[in-house]
Amino acid sequence: MTKLKKTSRTKVADEVLNAGSGQTIMQPNVNDNKVKTISDIREQTHGERTVQVDDEQRIRKAFVDKDWNEIKIADSWQIFKVMAEFVEGFEKMSKIGPCVSIFGSARTKADNPYYKMAEEIAAKLVRHGYGVITGGGPGIMEAGNKGAHSEGGRSVGLNIELPFEQFNNIYIDPDKIINFDYFFVRKVMFVKYAQGFIGMPGGFGTLDELFEAITLIQTKKIGRFPIVLVGTKYWQGMFDWIQQVMLEDEQNISPEDMNLVQLVDDAESAVKIIDDFYSKYLLSPNF
């Protein structure tokens, strides 16, 4: 007689027949091979630091059961690292005077028109008495620091340590470069010590920084500082969607929120918006 191979359906039928028969049906535990502690991860990765392992191990780490000693050591040390970054940032940034933060892509090349425009904007800002704050890296950030440096103005770089793409550029004042591990600490410095924001075309990081500033102004956590986006062709589609979907279709923002940002296409207009804003309050940079 030919022996029939059990299918998933016949296995289910067997389980139903065996129910209440006194037989225990053992099901495999999906967590049998799951690592239990941070030490197990270190063994699997040959002693490498957990921040250096691949994405799969980073994901698995979130499901590891940590003992109290590991929690206390890891979390306490992280708290001190965060505090150290805030202390250094506050100490250095509190002395820089009126500045404008320039956001933009690290991938923009030196021959790109937006690179040249960012450099021109930064130079004009310095001539008008402002310093410049950038993310300290290449691309648009480099252009901003380069323009400020060329005019002898204050050139601040808030560099973030990343496994790719980011390294500090050479146009930052030596005493005004700060290196961060944590994006959220860096964003505090971008916003807390800026009197205006200029957004050049960029990626997710630029959007993160831009909407951080917009949100804080919208919720009145900071003053209504000017936000200028350069490049109508680049930004217009996003703001059409915000107008049509967020505002008109879903009413997730208020009509006045659309006035928090202004779009321009040249350096002169970008700097004029900053100047006009402060002239209303009879304020000017005090360098």
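Residues numbered from 1 in each chain as written. Predicted model: local features only at pLDDT ≥ 70, side-chain atom pairs only at ≥ 80, totals over all residues. Heavy atoms only, no water.

**Description of the packing of aromatic side chains**
Argument step 1. Using the criterion set out here, one finds eight aromatic pairs in the structure.
Argument step 2. When the centroid spacing of 5.2 Å and the interplanar angle of 85° are considered together, the rings of Phe103 and Phe190 count as edge-to-face. Of this pair, Phe103 sits in strand β1 (residues 99-103) while Phe190 sits in helix α7 (residues 183-192), placing them 87 residues apart in sequence.
Argument step 3. The exposure class of Phe190 is buried, given its relative accessible area of 2%.
Argument step 4. With a centroid separation of 6.4 Å and 45° between ring planes, the pair formed by Tyr130 and Tyr278 is classed as tilted. Residue Tyr130 is located in the loop between α5 (113-127) and β2 (131-134), and its partner Tyr278 is located in helix α10 (residues 267-279); the two are separated by 148 residues in the primary sequence. Exposure class is identical for Tyr130 and Tyr278. Each is buried.
Argument step 5. Positioned over the ring face of Phe90 is Lys192, at 5.7 Å from the centre of the ring.
Argument step 6. In this structure, Lys192 packs its charged tip against the face of Tyr193, placed 5.6 Å from the ring centre. (Phe/Tyr/Trp six-rings, centres within 6.5 Å; stacked < 30°, edge-to-face > 60°. Helix = DSSP H or I, 4+ residues; strand = E, 2+ residues; numbered from the N terminus. Buried < 20%, exposed > 50% of the residue type's maximum accessible area, 1.4 Å probe, protein only. Lys NZ or Arg CZ within 6 Å of the ring centre and 35° of its normal.)

**As for the pattern of salt bridges**
Argument step 1. Using the criterion set out here, one finds nine salt bridges in the structure.
Argument step 2. With a shortest N-O distance of 3.1 Å, Glu151 and Arg127 are connected by a salt bridge. Here the residue Glu151 occupies a position in the loop between α6 (140-150) and β3 (155-160), and Arg127 occupies one in helix α5, the gap between them amounting to 24 residues.
Argument step 3. On the accessibility criterion, Glu151 (38% relative accessible area) is partly exposed.
Argument step 4. For Arg127, a relative accessible area of 48% gives the class partly exposed.
Argument step 5. Via salt bridges that share partners, Asp173, Asp175 and Lys176 belong to a single interconnected network. (Salt bridge = Lys/Arg side-chain N within 4 Å of Asp/Glu carboxyl O.)

Just geometry here; none of it tells us what the structure is for.
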